[in-house]
Amino acid sequence: MGEVLAFVEARLRSALGEPDARAAVTFLGTDRIEVLRFTDAGQGVVRYATLGMSAAPMADPTAALADPVEGPRAELVLTVRAGLADTDKVLRPLAVLAASPQVEGVVVAPGASLDVGEPLWPGAPFTSVLVAESGGLVEDLELDPPMDPVRFLPLLPMTQNEAAWKRVHGAAELEERWLSGGTDLRDPLRRSVALD
């Protein structure tokens with residue numbers, strides 16, 4: 001477990017630079033989840049990445065026994081514009097999402113919606129996120145077989161209206177709306193895209 005996380009942290013550092021802050025959260029009955037903060041002053045953004053979710057594979061909730069080796073592994077990455085909101089308060093909600101495979105037995109995959117039931121940070125119009133495809137910002141990390149690679153899944157904050165619309169029409173349709181509307185998904189205070 002520790003070896004996997006060392007490789008994961010090395011991949012995050014090579015892709016995003018040195019973290020300028022980190023926090024650890026432990027929930028009863030789960031392994032420790034860390035959240036690392038990476039500030040990219042050149043792009044005016046701050047990135048938050050989980051570390052610990054990939055220590056064990058995510059198990060199919062219908063399986064009788066969880067496989068300790070094989071199965072999908074992932075970490076979560078959130079990118080927001082710096083200085084517009086107190087986004088550092090997202091650390092605990094991110095850790096909650098990263099712990100959900102251990103706590104709730106869910107498999108986090110692209111296209112999924114994850115909801116924390118409260119604003120992601122003070123004043124945020126978002127309580128949920130859409131899980132996007134990996135491979136862009138941070139490349140997947142190959143592990144020794146038979147272990148699955150670690151995927152670094154971007155999170156896209158959704159307003160309540162967007163989350164409800166996505167449940168009906170699907171993730172691809174919502175992403176198309178964002179694209180056609182020129183939505184700045186990194187704006188921590190943005191309004192909902194037009195959905196009518």
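What counts and what doesn't
- Residues numbered from 1 in each chain as written.
- Predicted model: local features only at pLDDT ≥ 70, side-chain atom pairs only at ≥ 80, totals over all residues.
- Heavy atoms only, no water.
- Buried < 20%, exposed > 50% of the residue type's maximum accessible area, 1.4 Å probe, protein only.
- Helix = DSSP H or I, 4+ residues; strand = E, 2+ residues; numbered from the N terminus.
- Pairing = 2+ DSSP bridges.
- 1 Å grid on protein atoms, 1.4 Å probe; cavity = no way out; pocket = protein on both sides within 12 Å on 5 of 7 lines; lining within 4 Å.
- Points joined across faces, edges and corners; volume = space filled by probe spheres on them.
- Nonpolar A, V, L, I, M, F, W, Y, C, P; charged D, E, K, R; others polar.

Enquirer: Can you help me understand the pairing of strand E3 (residues 45–51) in this one?
Expert: Moving residue by residue along a regular strand, the side chains alternate between the two faces of the sheet. Burial analysis of E3 places seven of its seven residues in the buried class, the great majority of the element. Neither face of E3 is open: one carries Val-45, Arg-47, Ala-49 and Leu-51, the other Val-46, Tyr-48 and Thr-50, and all of them are buried. Pairing of strand E2 (residues 33–40) with E3, which is carried by seven bridges, proceeds in the antiparallel orientation. Bridging from a neighbouring strand, Leu-36 pairs with Ala-49 of E3. Taking the residues between adjacent antiparallel strands as the criterion, E2 and E3 are bridged by four residues, where Gly-44 takes a positive phi near 70°.

Enquirer: Is there a simple way to think about the layout of surface pockets in this case?
Expert: Leftover empty space is mapped by rolling, across the atoms, a probe with the size of a water molecule. Considering only enclosed or pocket space, the largest pocket measures out at about 200 Å³ in volume. Taken together, Val-77, Leu-78, Thr-79, Leu-137, Pro-154, Leu-155, Leu-156, Pro-157, Leu-185 and Arg-186 form the lining of the largest pocket. With four residues, strand E7 (residues 150–159) is the single largest residue contributor to the lining of the largest pocket. Split into classes, the residues belonging to the lining of the largest pocket amount to eight nonpolar, one polar and one charged. Estimated volume of the second largest pocket: approximately 160 Å³. The wall of the second largest pocket is formed by Asp-31, Gly-52, Met-53, Ala-55, Ala-56, Pro-57, Met-58, Ala-59, Pro-101, Gln-102 and Gly-105. Residues of the lining of the second largest pocket, tallied by class, amount to seven nonpolar, three polar and one charged.

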